[in-house]
2 protein chains.
Amino acid sequence: MERERVYLPALSRVAVCGGTHGNELSGVHVVRERLKEKQQRVDDDEEEDEDVVSVSNILTNPRAVQQCRRYTETDLNRCFTRATLSSAVSDRTPYEIARSQELNILLGPKGSPQAVDLVCDLHNTTANMGVCVIAYSDTDWICLHIFKYLQHHMSDVPVRYIHFDLPCREAYSLDSLGKHGFALEIGPQPHGVVRSNVYTYMKTGVELMLDWVRLFNSGTVFAGGLVEVYTMVSAIDYPRERQTHNIMAAIHPELQDQDFCLLRPNDPLFETFSGATLRYQGPEPLYAFFINECAYYEKGIALSLARRRSVEVPPVQMKSGLEHPGDPGTSEEEEEED
Amino acid sequence: MERERVYLPALSRVAVCGGTHGNELSGVHVVRERLKEKQQRVDDDEEEDEDVVSVSNILTNPRAVQQCRRYTETDLNRCFTRATLSSAVSDRTPYEIARSQELNILLGPKGSPQAVDLVCDLHNTTANMGVCVIAYSDTDWICLHIFKYLQHHMSDVPVRYIHFDLPCREAYSLDSLGKHGFALEIGPQPHGVVRSNVYTYMKTGVELMLDWVRLFNSGTVFAGGLVEVYTMVSAIDYPRERQTHNIMAAIHPELQDQDFCLLRPNDPLFETFSGATLRYQGPEPLYAFFINECAYYEKGIALSLARRRSVEVPPVQMKSGLEHPGDPGTSEEEEEED
């Protein structure tokens with residue numbers, strides 16, 4: 001039996017962000033291309049007045065983009081906790097901390113009624129993750145419905161939902177500035193490189209997300225249903241030498257590129273540089289993801305582990321002054337989907 | 001009819017170098033592992049006196065390795081021209097230029113009788129190149145025989161020989177310090193990442209190279225034969241915006257990962273960020289390689305193009321005071337190969 005319909009406010013302000021990590025190039029080029037397209041429409045004097053959503057396209061770490069590095073002084077995408085956003089800024093404050101506070105003024109303030117309705121932050125990974133929607137909540141129906149919509153419309157690539165189980169004040173990433181927000185994480189793509197297929201997945205994902213928002217804002221009812229959610233449980237570091245902290249092994253070739261496989265106790269985990277196999281010693285089977293992500297070497301993460309479960313998502317419709325409970329809305333996505 | 005046997009001096013000093021680009025991690029870890037193994041043999045008091053070759057294992061750009069970047073100030077692997085090696089050094093000299101002169105003292109001087117006999121420099125690429133031996137000569141029988149030996153013994157990965165057609169004084173890479181030298185370039189592997197399979201290919205390649213050197217030094221006769229050589233002809237840059245110099249396209253999905261395919265006039269080359277296909281406009285079919293190598297974005301290279309041809313390699317044997325022309329040597333590799 002389907003859950004009762006949930007009415008939610010319109011999403012009138014959306015931010016599409018790229019370059020939060022300056023060497024994750026699909027997001028950088030998607031944002032640049034969207035800015036060019038917008039400028040072209042202005043130059044061509046096209047009307048945009050009737051659009052039901054205002055979209056900001058933002059390169060969020062321009063210094064890191066310019067240097068084609070993840071960050072210049074500290075990882076911007078760890079700077080959006082309440083504590084960091086409210087810390088005092090001086091001449092010696094790292095660039096990215098100052099920048100996070102600028103972005104908080106532009107897109108937030110985080111947790112306030114003035115914050116933008118939805119932030120979609122574009123990321124790439126060297127891991128073989130396909131398309132992932134990464135969010136902090138497993139009960140944010142907007143994020144889960146957008147995920148459902150992407151999964152339905154992007155049939156040639158796996159689309160998954162990852163849930164980082166943290167309270168809002170500890171949520172550290174840019175997307176936590178919005179009333180709703182998620183990272184769109186796509187891989188595999190080496191950092192500092194753009195691959196056409198990954199770029200196209202990302203551009204398509206953003207366009208589908210905005211299509212969903214426009215349909216939602218125009219009153220469409222979106223059917224509920226079960227969705228699979230991967231909830232982050234823990235992470236495993238590489239084996240390292242005690243004195244130098246250098247890694248002593250790489251991800252085992254049988255595990256490399258197998259993101260979202262079920263890793264069972266005693267499965268191969270690492271292959272040491274002298275050729276020995278090290279096995280997963282955890283007490284329970286878990287799903288592996290972010291396997292061999294480049295930027296996580298310095299964070300001490302060789303792979304992350306998740307539990308998979310199903311979430312029953314209710315049907316949603318925009319809340320307006322006009323709707324009546326039971327109103328079928330202007331269009332039913334159920335029909336479109338079948 | 002086989003060419004006449006060529007007698008060449010023993011290769012008594014060999015250098016295995018990694019970390020010339022600090023974020024090409026297979027080479028970094030192969031050198032570290034070889035240093036650990038050597039230390040272990042010393043600790044275990046194993047005899048190495050009888051080895052017919054002295055091998056130095058060197059991390060060549062330790063600062064860049066420490067920062068996991070290609071280079072700190074300038075690309076070390078462009079610093080080994082005669083001009084750069086003889087330039088004056090001051091306090092303001094980039095680290096890598098000073099380091100290239102140190103390495104020239106350690107392994108060279110380039111072009112002198114004191115130079116090491118063979119330099120093997122370990123590199124990774126984000127391009128789908130498999131295993132490549134990259135050298136400046138198509139008549140260096142030592143490099144070509146080592147290539148032939150790797151190709152014969154590494155049957156699960158393509159092994160190719162790339163020839164950069166430059167005179168010695170202009171040869172810019174570390175391997176040009178030795179009397180013989182080549183880069184062992186293996187991909188695809190994202191920079192800043194180590195993939196176990198690529199690491200294993202590299203470690204195996206180095207061990208096979210040293211096996212060949214030991215066999216050669218002990219008098220083995222290596223049979224000649226035809227080998228395929230890819231000679232670098234030209235390079236193509238990404239289409240770029242005039243004002244910003246930003247790229248406007250990525251490698252076309254049909255060309256991505258197709259290194260060493262024959263690119264014919266009118267074949268798809270790029271896909272622009274707005275979705276258009278741009279085609280190869282060159283006058284003749286050529287072989288594409290280094291397709292979408294990360295570090296070449298800044299050098300203005302989206303891919304390189306080569307001509308392929310066959311080189312007749314003569315049989316070789318070590319020249320000693322004892323050999324007689326026509327001496328069959330201690331062992332014939334022909335037998336092993338057939």
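Residues numbered from 1 in each chain as written. Chains lettered and ligands numbered in written order. Predicted model: local features only at pLDDT ≥ 70, side-chain atom pairs only at ≥ 80, totals over all residues. Heavy atoms only, no water.

### As for the nonpolar core
The nonpolar side chains of a soluble globular protein tend to be buried with one another.
Next up, step 1: Counting residues in hydrophobic clusters, the biggest one holds 72 residues, and the most contacted among them are Leu122(A), Phe182(A), Leu184(A), Met209(A), Trp212(A), Phe216(A) and Leu303(B).
Next up, step 2: The element that contributes the greatest number of residues to this core is helix α6 (residues 196-217) of chain A, accounting for 11 residues.
Next up, step 3: Sequence-distant contacts of Leu303(B), that is, excluding residues within four places in its chain, are made with Ala235(B), Ile236(B), Ile251(B), Leu255(B), Leu263(B), Leu269(B), Ala288(B), Phe289(B), Phe290(B) and Ile291(B).
Next up, step 4: Within the second largest apolar cluster, 71 residues are counted, among which are Leu303(A), Met154(B), Val194(B) and Val311(B). (Core = buried A, V, L, I, M, F, W, Y, C linked by side-chain atoms within 4.5 Å. Buried < 20%, exposed > 50% of the residue type's maximum accessible area, 1.4 Å probe, protein only. Helix = DSSP H or I, 4+ residues; strand = E, 2+ residues; numbered from the N terminus. Contact = heavy atoms within 4.5 Å.)

### Describing the UniProt feature "domain: AstE/AspA barrel-sandwich hybrid" (unreviewed entry) in chain A
Next up, step 1: UniProt tags residues 227-307 of chain A as "domain: AstE/AspA barrel-sandwich hybrid" (unreviewed entry).
Next up, step 2: Each end of residues 227-307 of chain A is marked by a C-alpha atom, and these two atoms are 14 Å apart; helix forms 0% of the span and strand 40%. (UniProt positions renumbered as here; feature names shortened; annotations may be inferred.)

### Some details on the pattern of salt bridges
Next up, step 1: Taken as a whole, this structure holds 32 salt bridges over all chains when the rule is applied.
Next up, step 2: Lys36(A) serves as the salt-bridge partner of Glu241(B), at 3.1 Å between the closest nitrogen and oxygen. Linking Glu241(B) in the loop between β8 (225-236) and β9 (249-251) with Lys36(A) in helix α1 (residues 25-43), this pair reaches from one chain into another.
Next up, step 3: What makes Lys36(A) partly exposed here is its relative accessible area of 37%.
Next up, step 4: The residue Arg214(A) makes a salt bridge to Asp211(A) at a minimum N-O spacing of 3.9 Å. You can see Arg214(A) and its partner Asp211(A) sitting in helix α6, three residues apart, about one turn around the helix.
Next up, step 5: Connected through shared salt-bridge partners, Glu24(A), Arg70(A), Asp75(A) and Lys299(A) make up one network. (Salt bridge = Lys/Arg side-chain N within 4 Å of Asp/Glu carboxyl O.)

### Re unusual backbone geometry
All names here are of chain B.
Next up, step 1: Along the chain, Gly108 connects to Pro109 via a cis peptide bond; the corresponding omega equals -5 degrees.
Next up, step 2: Mapped onto the secondary structure, Pro109 falls in the loop between α4 (95-107) and β4 (118-124).
Next up, step 3: In this chain, Gly187 is followed by Pro188 through a cis amide linkage whose omega measures 10 degrees.
Next up, step 4: The residue Pro188 is located in the loop between β7 (180-187) and α6 (196-217) in this model.

### Some words on the layout of surface pockets
Next up, step 1: The space that makes up the second largest pocket amounts to roughly 370 Å³.
Next up, step 2: Considering the residues around the second largest pocket, the lining is formed by 21 residues, among which Pro188(A), Gln189(A), Pro190(A), Arg195(A) and Arg195(B) are closest to the centre.
Next up, step 3: Of the residues forming the lining of the second largest pocket, the biggest block, three residues, is contributed by α6(A). (1 Å grid on protein atoms, 1.4 Å probe; cavity = no way out; pocket = protein on both sides within 12 Å on 5 of 7 lines; lining within 4 Å. Points joined across faces, edges and corners; volume = space filled by probe spheres on them.)

### Regarding the relation of the copies chain A and chain B
Next up, step 1: Screw-axis analysis of chain A against chain B gives a translation of 0.0 Å along the axis, an RMSD of 0.0 Å, and a rotation angle of 180 degrees. Considering both components of the superposition, the chain copies are consistent with a two-fold axis. When C-alpha positions in chain A are compared against the rotation axis, the closest is assigned to Pro190(A), at 2.4 Å.
Next up, step 2: Most of the interface of chain A is mirrored in chain B: 100% of its interface residues are interface residues there too. (Least-squares fit on C-alpha atoms with pLDDT ≥ 70 in both.)

### As for a negative patch on the surface
Next up, step 1: The grouping of Asp43(A), Asp44(A), Asp45(A) and Glu46(A) at the surface amounts to a negative patch.
Next up, step 2: The residue Asp45(A) is located in the loop between α1 and β3 (54-59) in this model. (Patch = residues over 30% accessible without salt bridge, like charges linked within 9 Å, V, L, I, M, F, W, Y side chains within 5 Å. Areas by Shrake-Rupley, 256 points an atom, 1.4 Å probe, with all protein chains shown as cover. Lys, Arg positive; Asp, Glu negative; His and termini not counted. Charge placed at Lys NZ, Arg CZ, Asp CG, Glu CD.)

### Describing the interface of chain A and chain B
Size of an interface, as often reported, equals the accessible area lost when the parts are brought together.
Next up, step 1: Contacts between chain A and chain B engage 31 residues on the former and 31 residues on the latter.
Next up, step 2: Between chain A and chain B the total buried area reaches about 2500 Å² when both faces are included, carbon and sulfur atoms providing 53% of it.
Next up, step 3: It is Arg195(A), Ser196(A) and Phe273(A) that lose the most area in chain A upon contact with chain B, and together they represent 22% of the buried surface on that side.
Next up, step 4: For the interface between chain A and chain B, the tally reads four salt bridges.
Next up, step 5: Along the contact surface separating chain A from chain B lie 14 residue pairs in polar contact (both at pLDDT 80 or more).
Next up, step 6: Among the elements of the structure, α1, α6 and β9 (249-251) of chain A are those that each provide at least two residues to the side of chain A that touches chain B.
Next up, step 7: Ranked by residue count, the leading element in the side of chain A that touches chain B is α1(A), at five residues. (Buried area = accessible area lost by both parts, 1.4 Å probe. Polar contact = N/O pair within 3.5 Å; in protein donor to acceptor, adjacent residues only side chain to side chain.)

### A short note on the state of the cysteines
Next up, step 1: In total, this model carries zero disulfides over all chains according to the counting rule given.
Next up, step 2: Cys168(A) carries a free sulfur, and the closest cysteine sulfur to it, the one in Cys143(A), is 12 Å from it.
Next up, step 3: Classification of Cys168(A) by relative accessible area gives partly exposed; the value is 42%.
Next up, step 4: Here Cys68(B) is not cross-linked by a disulfide; its sulfur's nearest cysteine counterpart is in Cys294(A), at 6.3 Å.
Next up, step 5: Residue classification places Cys68(B) among the partly exposed positions, given a relative accessible area of 35%. (Disulfide = S-S within 2.5 Å.)

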